Amino acid sequence: GKPTNDMFMLQLPQPHSSSAPSEWRTLVEWPSSIFCGDGPCARRDHSLALKPPSAFYIFGGSDASGAYLNDLHVFDMDEATWS
């Protein structure tokens, strides 16, 4: 498939609340001002690992030209920051 830099987030309702049901949202729906740092470029065939409770890692993959990527990006969910 075509490499993208789409990112999806699952919003879960708070425990013991009558809030709306869970829903998937793309990060592009959120104002870019709430995130800091540069996220990964468009890619495919990459790895993503969750580091509970509040971070995930994106590693490698390939870009639109098919070149292999050897980079690591970390997103801190508490701080809403890429590094």
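Residues numbered from 1 in each chain as written. Predicted model: local features only at pLDDT ≥ 70, side-chain atom pairs only at ≥ 80, totals over all residues. Heavy atoms only, no water.

## Topic: the pattern of salt bridges
1) Next: Per the counting criterion, the structure on display carries two salt bridges.
2) Next: Linking Asp71 and Arg43 is a salt bridge whose minimum nitrogen-to-oxygen distance equals 2.8 Å. Taken together, the residues Asp71 in the loop between strand 4 (55-59) and strand 5 (72-76) and Arg43 in the loop between strand 2 (23-26) and strand 3 (47-51) connect sequence positions 28 residues apart.
3) Next: For Arg44, the salt bridge goes to Asp45, with nearest N and O atoms at 3.9 Å. (Salt bridge = Lys/Arg side-chain N within 4 Å of Asp/Glu carboxyl O. Helix = DSSP H or I, 4+ residues; strand = E, 2+ residues; numbered from the N terminus.)

## Describing the side chain of Ser54
1) Next: Tracing the chain through its elements places Ser54 in the loop between strand 3 and strand 4.
2) Next: For Ser54, a relative accessible area of 14% puts it in the buried group.
3) Next: A distance of 3.2 Å separates polar atoms of two side chains, one belonging to Ser54 and the other to Asp78.
4) Next: Here Ser54 is in contact with Phe75, Asp76, Met77 and Asp78, once residues within four sequence places are set aside. (Buried < 20%, exposed > 50% of the residue type's maximum accessible area, 1.4 Å probe, protein only. Polar contact = N/O pair within 3.5 Å; in protein donor to acceptor, adjacent residues only side chain to side chain. Contact = heavy atoms within 4.5 Å.)

## Describing the sheet that holds strand 4
1) Next: Spatially, the four strands line up as an open sheet ordered 3-4-5-6, and their pairing is antiparallel. Edge positions in the sheet fall to strand 3 and strand 6 (81-82), since each has one partner strand and no second.
2) Next: Taken together, the five bridges between strand 3 and strand 4 define a ladder with antiparallel strand orientation. Residue pairing in the sheet places Ala49 in a bridge with Tyr57 of strand 4. (Pairing = 2+ DSSP bridges.)

## A short note on unusual backbone geometry
1) Next: The amide bond that connects Pro52 to the next residue, Pro53, takes the cis arrangement and shows omega of 5 degrees.
2) Next: Here Pro53 lies in the loop between strand 3 and strand 4.
3) Next: Positive phi, normally seen in glycine, also occurs at Asp45, with a value near 60 degrees.
4) Next: The topology assignment puts Asp45 in the loop between strand 2 and strand 3.

## Regarding the confidence of the model for the chain
1) Next: When pLDDT is averaged across the chain, the result is 81; 82% of the residues are at 70 or more.
2) Next: Looking at the elements of the chain, mean pLDDT is at its lowest for strand 1 (residues 8-11), recorded as 72, and at its highest for strand 4, recorded as 93. (pLDDT = per-residue confidence, 0-100.)

## Some points on the side chain of Asp63
1) Next: Take Asp63: it is sitting in the loop between strand 4 and strand 5.
2) Next: Buried charged residue Asp63 carries no salt bridge. Nearest counter-charge: Arg44, at 7.2 Å.
3) Next: Not counting the four nearest positions on each side in its chain, Asp63 is found in contact with Pro3, Ala42, Arg44 and Leu69. (Lys, Arg positive; Asp, Glu negative; His and termini not counted.)

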